[in-house]
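The primary structure of each chain is shown beneath.
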Amino acid sequence: MDIKIILSIIGAIISFVAVILIFNARKIVKNRFSLGDQNGGTLAVKAIGLILFILGMLIIFFNLT
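Residues numbered from 1 in each chain as written. Predicted model: local features only at pLDDT ≥ 70, side-chain atom pairs only at ≥ 80, totals over all residues. Heavy atoms only, no water.

Counting its regular elements, the chain contains three helices and zero strands. Along the chain, helices and strands appear, N-terminal first, in the series α-α-α. The C-alpha radius of gyration of the chain comes to 14 Å, more than 25% above the 11 Å expected for a compact globule of 65 residues. With respect to the three principal axes, the spread of C-alpha positions in the chain is 45 × 20 × 15 Å. Taking all 65 residues of the chain together, the buried fraction comes to 20%. By sequence separation, contacts in the chain at least 24 residues apart represent 64% of the contacts at least 6 residues apart. If you sum the accessible surface of the chain, you get close to 4,800 Å²; carbon and sulfur atoms cover 74% of it. (Helix = DSSP H or I, 4+ residues; strand = E, 2+ residues; numbered from the N terminus. Rg over C-alpha atoms; globule rule 2.2 N^0.38 Å. Buried < 20%, exposed > 50% of the residue type's maximum accessible area, 1.4 Å probe, protein only. Contact = heavy atoms within 4.5 Å. Areas by Shrake-Rupley, 256 points an atom, 1.4 Å probe, with all protein chains shown as cover.)

Here you go:
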């Protein structure tokens, strides 16, 4: 297999996981963590999701060029 295809699939999977983190951040914080401040935890999970999404899109972008 070509390395570009493999890296594109990895970038797509990272981006997919990031979108799930962003949209389900409140549910994830409520079920997984015992944080007293849910808003702060939700913000942290969404920030991590944003960083992962950007990373995945950069991987895909640089493989296509």
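That covers the picture; the talk isn't over yet.
Judged by side-chain charge, R26, K27, K30 and K46 come together as a positively charged surface patch. With three residues, helix 2 (residues 25–32) is the largest single contributor of residues to the positive patch. Positionally, K27 belongs in helix 2. We classify K27 as exposed; its relative accessible area is 57%. (Patch = residues over 30% accessible without salt bridge, like charges linked within 9 Å, V, L, I, M, F, W, Y side chains within 5 Å. Salt bridge = Lys/Arg side-chain N within 4 Å of Asp/Glu carboxyl O. Lys, Arg positive; Asp, Glu negative; His and termini not counted. Charge placed at Lys NZ, Arg CZ, Asp CG, Glu CD.)

This next bit is on the confidence of the model for the chain. For the chain, mean pLDDT is 90; residues scoring 70 or higher make up 97% of the total. Mean pLDDT per element in the chain: helix 2 is the minimum at 88, and helix 1 (residues 3–23) is the maximum at 94. (pLDDT = per-residue confidence, 0-100.)

Turning our attention to the side chain of S15. One can find S15 in helix 1. Here S15 falls in the buried class, since its relative accessible area comes to 5%. Contact partners of S15, with chain neighbours within four places excluded, come to F53, G56 and M57.

Once that is clear, we can look at the environment of F23. You can see F23 is positioned in helix 1. Linking F23 and L43, residues 20 residues apart in sequence, is a C-alpha distance of 12 Å.

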